[in-house]
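Below, each chain spelled out in residue letters.
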Amino acid sequence: MRTLLFFISVLTLSGCSVSHYLNREIKKSSVFSQQHTGVSISNLNDPKTLASYQDDKYFTPASNTKLFSFYAGLCALGDSIPGLEYLEWGELLIIRGTGDPSLLHPDLPHSKVFDFLKNRKDQIFYTPFHFENKRFGSGWAWSDYNDYYQAEISALPVYGNIARFKGEASQAYQVSPHFWKKSMVFDTTASGIEREESQNLFHHSRLAVPQGLTQDVPVHMSDLLTVQLLSDTLKKEIKLIHIPLEIDLQTVYSIPTDSLYTRMMQVSDNMLAEQLMLLYATANKLPLNTEKAIAHAIEHHMSDLPDRPVWKDGSGLSRYNLFTPRTIVALLQKIYKKVPRERLFKILPNGGKTGTLSNLFKQDTPFIFAKTGSLSNNYNLSGFLVTKKGKTLVFSFMNNNYTRPTSEIRKEVERILTGVHDKF
């Protein structure tokens, strides 16, 4: 009897000690003293919280939002991305985009859509009639239009909706696609490559891009530009037509879904996350509209989360997004049930090894598999933690409204979560 009571007491204390450790370390931390902090830690398959600190409060999630887009994709897509929908009409081929970002994307595998279009002998027409989105997400900063992380949203992205500039010797540079070479403007006042806000004129100084470096600049997309880029690359004319296609269409699949998920998670690619929500819309026969896709995903797949998400875009660029730590933990538990562990941990950044966590949690064997989320004055980390005892925990550690350097916040999060790994 005494032995039984002893083991019960040990189990009880160990369960409470994670909570005690977490609250003690947060409260005594000078780094966290003037910010908003929320943490939630649970076991893999247990809705009951193991440890928490303000986990019912709403925080700006930044790129932790991509976890929600990822789960939406898991609920809607199979092993391959629907890359294009089309209608054969006599000798005409009418195509429309699905939101798939992979066509000629410089960092994704070769898309089968390219081969499909290249090999067709028909006259090809492109219709964007079902696209209802704006080029930017709700709450995005308009002044970031020139920054690599804010590529525009479109129905049928081409080349990732960016122009890629690479520095070479002798102060030269290359631009891909070469289509943009004619749009370069020499400007001694420019720093790097600066696109004009309302048109695709790229100003550059003599030292446009230093040798060996790359600068991606978002392109100001339009339906006309989409067909121009396709025509130029395919070496055949693609024409623009605005007609609805309200009948069953055939589909061309482009790339494996995991190649999109992995790239999106590892480098926190905003463009892929935004387009993923349009792919979700396509899969559910909705117009290409982020707001409608999000509403559908919440109603059909996330209505059981502890706190209703305030979810505005696919990537987390919007500061209108608001999630609670305990809701992110519940979402991660749902993700874990859908994706085999080995596959999931390959998709997520691994502490000390891959992606946005390659310089954090450095140990011989990774124990953190998680998604970062950063905006100015915001740093969040949510994912899975494997303890020294081999137990897998689910966590969300959210930090908002701090004025310290983000590097200090990251180090403190690393210190506390490493303590959970070592002690429990």
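Everything quoted here is computed from the prediction, not taken from an experiment.

J.: Could you give an account of the packing of helix α2 (residues 65-76) against helix α5 (residues 257-266), with specific residues and numbers?
T.: Viewed as axis vectors pointing N to C, α2 and α5 meet at an angle of 175°, and their least axial separation amounts to 11 Å. Comparing the axis directions of α2 and α5 gives the class roughly antiparallel. Residue-level contacts link Lys-66, Leu-67, Phe-70, Gly-73 and Leu-74 of α2 to Tyr-261, Met-264 and Met-265 of α5. Considered class by class, the residues forming the contact of α2 with α5 number six nonpolar, one polar and one charged.

J.: How would you summarise the packing of aromatic side chains if you had to cite specific residues and measurements?
T.: In total, this model carries 16 aromatic pairs according to the counting rule given. The interplanar angle of 55° and the centroid separation of 5.8 Å between the aromatic rings of Phe-32 and Phe-397 together place this pair among those described as tilted. Placement of Phe-32 in the loop between α1 (2-28) and β1 (36-43) and of Phe-397 in strand β16 (residues 392-400) is noted, with a sequence separation of 365 residues between them. When its relative accessible area of 5% is taken as the criterion, Phe-32 is described as buried.

J.: Give me the pairing of strand β7 (residues 173-176): which residues, what numbers.
T.: When a strand is regular, its side chains alternate between the sheet's two faces. Here β7 shows one buried face, formed by Tyr-173 and Val-175, and one open face, formed by Gln-174 and Ser-176. Two strands pair when backbone bridges link them, and strand β6 (residues 162-167) and β7 are joined in this way by four bridges, in the antiparallel orientation. The residue of β7 that forms the bridge with Phe-165 is Val-175.

J.: For the packing of α2 against helix α6 (residues 270-283), give the residues involved together with the corresponding values.
T.: At a minimum axis distance of 9 Å, the contact between α2 and α6 shows a crossing angle of 35°. Every pair of crossing elements has a handedness; the one defined by α2 and α6 is left-handed. Within the contact between the two elements, α2 uses Lys-66, Ser-69, Phe-70, Ala-72, Gly-73 and Ala-76 and α6 uses Asn-270, Ala-273, Leu-276, Met-277, Tyr-280 and Ala-283. Here the contact of α2 with α6 is composed, by residue class, of eight nonpolar, three polar and one charged.

J.: Outline helix α7 (residues 290-301), listing residues and values.
T.: Helix length check: α7, at twelve residues, gives a terminal C-alpha distance of 16 Å against a target of 16 Å (1.5 Å per residue), a fit within 8%. Residues of α7 that are buried include every one of Thr-290, Ala-293, Ile-294, His-296, Ala-297 and Ile-298, and no others. Elements in contact with the buried residues of α7: α2 and α6. For α7, the N-terminal capping position is held by Asn-289, with its side-chain oxygen 3.0 Å away from the main-chain nitrogen of Glu-291.

J.: Can you explain the sheet that holds strand β11 (residues 214-218)? Please cite residues and give values.
T.: In any sheet, the strands associate via hydrogen bonds between backbone groups, in a parallel or an antiparallel arrangement. Spatial strand order, β7-β6-β11: three strands in an open sheet with antiparallel pairing. Sheet topology places β7 and β11 at the edges, where each strand pairs with a single neighbour. The average angle at which neighbouring strand axes cross in this sheet is 20°, direction not considered.

J.: Tell me about the pattern of salt bridges, residues and numbers included.
T.: Enumeration according to the criterion identifies 20 salt bridges in this entry. A salt bridge links Glu-25 to Arg-24; the shortest N-O distance between them is 2.9 Å. Residue Glu-25 is classed as buried on the basis of its relative accessible area of 3%. Glu-412 serves as the salt-bridge partner of Arg-415, at 3.1 Å between the closest nitrogen and oxygen. You can see Arg-415 and its partner Glu-412 sitting in helix α10 (residues 406-423), three residues apart, about one turn around the helix. When its relative accessible area of 12% is taken as the criterion, Glu-412 is described as buried. Salt bridges sharing common partners tie together Arg-24, Glu-25, Lys-28, Glu-412 and Arg-415.

Thresholds applied
- Residues numbered from 1 in each chain as written.
- Predicted model: local features only at pLDDT ≥ 70, side-chain atom pairs only at ≥ 80, totals over all residues.
- Heavy atoms only, no water.
- Axes fitted to C-alpha atoms, helices over the stretch in contact; angles between N-to-C directions.
- Helix = DSSP H or I, 4+ residues; strand = E, 2+ residues; numbered from the N terminus.
- Parallel < 35°, antiparallel > 145°, perpendicular 65-115°, else oblique.
- Contact = heavy atoms within 4.5 Å.
- Nonpolar A, V, L, I, M, F, W, Y, C, P; charged D, E, K, R; others polar.
- Phe/Tyr/Trp six-rings, centres within 6.5 Å; stacked < 30°, edge-to-face > 60°.
- Buried < 20%, exposed > 50% of the residue type's maximum accessible area, 1.4 Å probe, protein only.
- Pairing = 2+ DSSP bridges.
- Left-handed = near helix turned anticlockwise from the far one by under 90°.
- Expected span 1.5 Å × (residues − 1).
- Polar contact = N/O pair within 3.5 Å; in protein donor to acceptor, adjacent residues only side chain to side chain.
- Salt bridge = Lys/Arg side-chain N within 4 Å of Asp/Glu carboxyl O.

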